[in-house]
Every structure is written in structure tokens, then in C-alpha cells.
Amino acid sequence: MSLFSKFDAAAALESTLSSMPVNPTSIVISNVVSASEAIVNGRTTIMAGTNNYLGLTFDADCISAGQAALAETGTGTTGSRMANGTYKEHLQLEDELAVFFDLPHAMVFSTGYSANLGILTALLDVDDSVLLDSEGHASLYDGCRMSGAKIYRFKHNDPDGLAKRLSRLGEKAKDALIVVEGLYSVRGDCAPLKEFVDVKAQYGGILLVDEAHSLGLYGENGRGLVEEYDLMNDVDFIVGTFSKSLGSIGGFCVSKHPQLKLVRYASRPYIFTASPSPSVIATTREALKKVQQGQGLREKVWRNAKHLYEAFVELGLDIGPTVSPVIGVSFQDREKAFSCWQDLLSLGIYTNLILPPAAPDGGSLIRCSVTAAHSETQVDSIISAFKKVCKERNVGRLN
Ligand code: PMP
């Protein structure tokens, strides 16, 4: 096999996608109008497929903080955190994250992806075992794989499946790492964290929760699902990202364990990459304050989520059992999912099309998300567009 022949599969995929009337992987946003609207294919489009849950990407205070940092501190650090890339603001953000979570230790990474690689490769090595939810994000899987640890995947959100695998590990269970998420980003379902904590209490294990999508949305202070369920003392590591509710880019890990301080010396994805630029740190710090005072934003996003969810139930769409700002609409038929997605786009509604093998269970999905930045009128427009498309395409109850 030649070096380049491995691209044959990618070439075939590209050719299939390019032959579609609109290639779902090549959407270009030519202008961003606001936190909830953009110009796509020449028309004003409501963005109903982002992770901008609190709508902070256009927050005036975040923007001025970023602008001030650019002017005062320059465009980038040009170095690793372990060399010239630790500015006092990186440390301030780490302190603020620790205070926000009410945990003693916090570490900032350049992306959410590298936070997961960085923590997992530092925690695990070839002699370790890791139990990973089968719908865990690619970065969690990649981090586990990169560590060389033995990976046991258990059925999505299934505490019994986890218990079975832990029991088979015997003595080793107490040192096994359990990796789950809070809110899952494709179907919008939440982990049964209390039950996972009970399993951990029975068999042992160290629990890491990726709150990438739950930060800002759940818990009285917006800390995430762990706070919502009052499990702060039962979880060992929380990882997350700045690229969703915080509206910037970067990642973090917080923990009660002092060993997190030593991860800096043991984590190649932390050491061998440049640190986040000052403007990113500044907007993130400002956004974290907004999350902390974010009761109003949370009320707004949940109001929008409930409104959309109820409308989808009314339409008889195949969606998950609980309300959340992320709603995955499942389709048996991939062609139908694609046609509906394209129709929605032509009506000025951008959603995420998730086709096999990316969608769970090999099905196809249209992922729809709402944010605190969507007005009620915009949510109504999303609903009207779905109504029209579902009727025309014979989807749900209206057919
Ligand atoms: N964890 C989860 C659960 C995610 O969904 C994502 C990104 N979608 C990441 C980590 C990676 O975060 P980032 O895109 O900020 O690198």
C-alpha cells in the first residue's frame, strides 16, 4: 500500500459529499451578523446548530476585554506554558476557575481537545484500565488510546454496564479511570451521574467527567451537571472547554487532587504546544464572570430549549427523552435526514447534519441547538421551518 493510498476512502467520501446539492461539511459563514445569525449561501440564516449556549460570542464586555488584551499584550504568546507562554493572566484564569468550581486545583490548556489528551495521557499508562462511555467524545477516546491503557467501552449511560466491567477488573477496579460526559452533544441526553457515582462507591475507581457542553447550563452557579446533582465531592476530575458556553477557545481541568499540579510536568499535549493568546484568555475570564452571574442567561436558554422541545414533541419527531438546549432529531433514512437538513438551510435555518458513522447507533441525525441569544421570534422561525419541512417530507406526526 502506498503512503497516499490510505486517502482513497477520504477521496470517495469527498466525492460523495461534493455530489450532494449542498456539501454539509463545506458550509461557509460569509458574515457573522450576531450571536444567533449569520450570512450563509448569501442569505441571512438563524444559527440553530452552534455551541454558543449562553450567546456570549458578542457580549460587549467580553469583546472589550479581548480588545484591551490585544492592545496591551499582543496577538499571541508564541510559546509553551512551560517556557515563555505563562502570562500572569493564564494564572489568574486558573485561579478563577478554581474559585468558580470551589476546587483547589485548576489547569488551562490550549483547546478542549488538548485538555482531554493532556489529562488522559498524564493519568493513564499502559498498565492502567480505563472505562469509557461508548458515546464519549473523540478527544476522550483519542486521549485514552494515546495513553496505551486498556480501554473498556461500556454501553452509553449504562451504570450496570459500567458495574459489570468494573467487577471483572477485580482488585484493579479501584485504580481504574471512569470517563463520562455531562450533557452529551449529539442527542442532548445527560449522564446518570448519581448512578455512576454509586457504582464507583461500590467497586472503586477514579471518575472524570467532561462537562464541555454542560458548563454554564446546569447547576446554580453554572458549574455543570456535577453541581446540578450535588456531586462535587464525588467526582475526581472535571474537564471542559472554553469553546461552548464561554464563547472562546481553550480547555481546562479542575480537581480536588493535588496531583493535578504535577500534570504540568507529565503532559505532552500541555507542554509541547503554545499557550492560549492573551485576547482568548481575556474574553474567557470575562465570560466566566458572566456564567457566574448568569442566572438570567440560563433562564433564557432553558426557556428557548423548552419551547423548541415541546414543539418537536408536538411534531412527533424522534428526539431524546429530556429537554435540553441540544435536541438531536433521529432519522432512520440518511437520504431523508439530508433532504430535511438542506430544506431547513434553504429556509434560512442552519442545523448540524450528522451522518453515519458519526451519529450514534449508525443512524442519521439533525442536531438542533438553541441559545440565550435566540429571540422568541427566532425560535418560532426554527419551529415553523421544521413544521414545513416535516410536512413536505413526510416526517413525524404531520405526514
Ligand atoms: N469534549 C467534548 C465532549 C466535546 O464535545 C468537545 C468539542 N465538541 C471537546 C471536548 C473538544 O473541545 P474543543 O472543540 O474546545 O477543543
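Residues numbered from 1 in each chain as written. Predicted model: local features only at pLDDT ≥ 70, side-chain atom pairs only at ≥ 80, totals over all residues. Heavy atoms only, no water.

Okay, the site of the ligand next. The local shell around the ligand holds 13 residues, among which Tyr113, Asp210, His213, Thr241 and Ser243 are the closest. Tyr113 places a main-chain nitrogen or oxygen 2.8 Å from an oxygen atom of the ligand. Between Thr241 and the ligand, the recorded distance is 2.6 Å, taken from a side-chain N or O atom to an oxygen atom. Protein burial of the ligand: of its 400 Å² of free accessible surface, 83% is covered by the chains. Top contributing element to the shell around the ligand by residue count: helix α4 (residues 112-123), with three residues. Partitioned by chemical class, the residues of the shell around the ligand number two nonpolar, eight polar and three charged. (Near = heavy atom within 4 Å. Polar contact = N/O pair within 3.5 Å; in protein donor to acceptor, adjacent residues only side chain to side chain. Areas by Shrake-Rupley, 256 points an atom, 1.4 Å probe, with all protein chains shown as cover. Helix = DSSP H or I, 4+ residues; strand = E, 2+ residues; numbered from the N terminus. Nonpolar A, V, L, I, M, F, W, Y, C, P; charged D, E, K, R; others polar.)

The next point concerns the domain arrangement of the chain. Segmenting the chain into domains produces domain 1 (12-54 + 295-398) and domain 2 (60-292). For domain 1 versus domain 2, the separation of C-alpha centres amounts to 27 Å. With 20 residues of domain 1 in contact, the opposing surface of domain 2 contributes 21 residues. When domain 1 packs against domain 2, the two sides together hide about 1600 Å² of surface, and 53% of this comes from carbon and sulfur. Counting every contact that joins domain 1 to domain 2 gives seven residue pairs in polar contact (both at pLDDT 80 or more). Classifying every residue of the side of domain 1 that touches domain 2 gives 11 nonpolar, six polar and three charged. (Domains from an automatic or database assignment. Contact = heavy atoms within 4.5 Å. Buried area = accessible area lost by both parts, 1.4 Å probe.)

It is worth spelling out the environment of Asp142 at this point. Tracing the backbone through its elements, the reader meets Asp142 in helix α5 (residues 138-147). For Asp142, a relative accessible area of 22% corresponds to the partly exposed category. Those residues in contact with Asp142 that lie beyond four places of it in its chain are Tyr113 and Leu117. (Buried < 20%, exposed > 50% of the residue type's maximum accessible area, 1.4 Å probe, protein only.)

Turning our attention to helix α3 (residues 88-101). Given a rise of 1.5 Å per residue, 14 residues ought to cover 20 Å, and the 20 Å separating the end C-alpha atoms of α3 matches this to within 8%. Buried residues along α3 sit against β4 (105-109), β9 (237-241), β10 (251-255), α9 (260-266) and α11 (278-292). In the stretch just after α3, Asp102 is the one whose phi turns positive, near 60 degrees. (Expected span 1.5 Å × (residues − 1).)

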